[in-house]
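What the coordinates show
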Amino acid sequence: MSRPAKVVINLPALRHNFSRIRTLAPNSRVMAIVKADAYGHGLVRIAQCLEHADAFGVACLEEARELRQAEIQQRIILLEGPYSGDELSEISQLGIDMVVHDLSQVEMLDQNQLIKPVCIWLKLDTGMHRLGFSPDLASDVLARLEQFPCVKEIRLMTHLASANNREDPMTSEQINCFSQFNKNMSLEKTIANSAAILAFPDAHVDWVRPGIMLYGVSPFANSNGPQEGLKPVMTLKSRLITVKALKTGEPVGYGATWRCPEDMSVGVVAAGYGDGYPRHAESGTPVLVNGKRVELIGRASMDMLTVDLRSQPQAKTGDPVVLWGEGLPVEEIAKHAGTIPYEMLCAVHKRLEFEYGEA
Ligand SMILES: Cc1ncc(COP(=O)(O)O)c(C=O)c1O
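Residues numbered from 1 in each chain as written. Predicted model: local features only at pLDDT ≥ 70, side-chain atom pairs only at ≥ 80, totals over all residues. Heavy atoms only, no water.

**Description of the environment of P286**
In this structure, P286 sits in strand β14 (residues 286–289). Judged by relative accessible area, P286 falls into the buried class, the value being 5%. For P286 and L328, which are 42 residues apart along the polypeptide, the C-alpha to C-alpha distance reads 7.9 Å. Excluding residues that lie within four positions of it along the chain, P286 makes contacts with R293, V294, L323, L328, E332, I333 and H336. (Helix = DSSP H or I, 4+ residues; strand = E, 2+ residues; numbered from the N terminus. Buried < 20%, exposed > 50% of the residue type's maximum accessible area, 1.4 Å probe, protein only. Contact = heavy atoms within 4.5 Å.)

**Overview of the side chain of R68**
Note on placement: R68 falls in helix α4 (residues 61–69). Buried and without a salt bridge, R68 has D97 as its closest oppositely charged side chain, separated by 6.5 Å. Within the structure, the side chain of R68 is placed 2.7 Å from the backbone oxygen of I72, a separation counted as a polar contact. A polar contact of 2.7 Å, which involves the side chain of R68, links it to the backbone oxygen of L94. The residues contacting R68, other than those within four sequence positions of it, are Q73, Q74, R75, I76, L94 and G95. (Lys, Arg positive; Asp, Glu negative; His and termini not counted. Salt bridge = Lys/Arg side-chain N within 4 Å of Asp/Glu carboxyl O. Polar contact = N/O pair within 3.5 Å; in protein donor to acceptor, adjacent residues only side chain to side chain.)

**A word on the domain arrangement of the protein**
Split into domains, the protein comes out as domain 1 (11–216) and domain 2 (234–357). Computed over C-alpha atoms only, the centres of domain 1 and domain 2 are separated by 37 Å. Tallying the contact residues gives 11 residues for domain 1 and 9 residues for domain 2. Between domain 1 and domain 2 lies a buried interface of about 960 Å² when both sides are counted; carbon and sulfur atoms form 63% of it. At the boundary of domain 1 and domain 2, one finds 1 salt bridge. When the shortest N-O distance is used, the salt bridge between D37 and K350 registers 3.0 Å. Our count for the contact surface shared by domain 1 and domain 2 stands at 4 residue pairs in polar contact (both at pLDDT 80 or more). Here the side of domain 1 that touches domain 2 takes 4 residues from helix α2 (residues 35–40), the largest share from any one element. Of the residues in the side of domain 1 that touches domain 2, the class split is 5 nonpolar, 4 polar and 2 charged. (Domains from an automatic or database assignment. Buried area = accessible area lost by both parts, 1.4 Å probe. Nonpolar A, V, L, I, M, F, W, Y, C, P; charged D, E, K, R; others polar.)

Pasting the structure below:
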């Protein structure tokens, strides 16, 4: 690929993060969450590297099919279940597990004869009020599902709304609500996302479901991945494609939103919102040029952004740039752009070259 902007995926960092999860939750199996193209990292490559994961969580049948076509053998769970009854025969043929969170999905199972019975993860709404049955309804749904010949196993799950805020009492309330529901049941259970794996050991139970921490990113607003013992997996890199000497008062970029406070050099980096760099990143957002911090100035455009090179007057065309990742936490860039790292990782554009490295 001719453009210097590229994504480098550090596979040893991914393995490190996976083993950190095993250490934190030694008695739980791990459902690695790889939906949304493994949070932008590349679904199949990430799943292949996570050979010790016990299962993979995806958002739709297309993602599950892609994993099976790549001969991924582990359990695969459709986290939102089927969107229509037409999906059931393929789900059953491919041996995919499905979440059931809505009565329409119970009806689908009731009305379809399946070649092979499927494994169900019954979702309880313990307070987030996104997906799942209220505990009152869930007992009846469970009893009904147990009667279906096409259901071979049932597990229980819930999702936490605020585990990324360690102080929020809501998490304990949700955990209590879930345990109350299943206290006399021997079914396997899962509650914990990344934040709960790190902060709420009570939520670990039989299975944990890490997403963002697998990729080396903290789920908390006040820390970054390395501070949580994680290593960033994705680094967005590029190069300076020109360096300009500008005079005091001269504007930089679209809208002329930034003006040089003095005579200075300005670098143009080949990366922009067309690559997934957030357009809302403000002037002052850190960028690494030659491994040292400089600041973004002016507006990021589709293919380029501009940086203040006053601290590096010797910087020249071709010098290496890191937009986030190794040495520059994505969490920090997200704050400057008024977003969250999840959104930034998922938004990385497929026009970029992806390099999967073992070093
Ligand atoms: C049902 C479910 N479980 C687990 C996760 C993983 O969450 P995180 O990336 O915060 O670990 C997600 C992600 O949104 C999810 O939807």
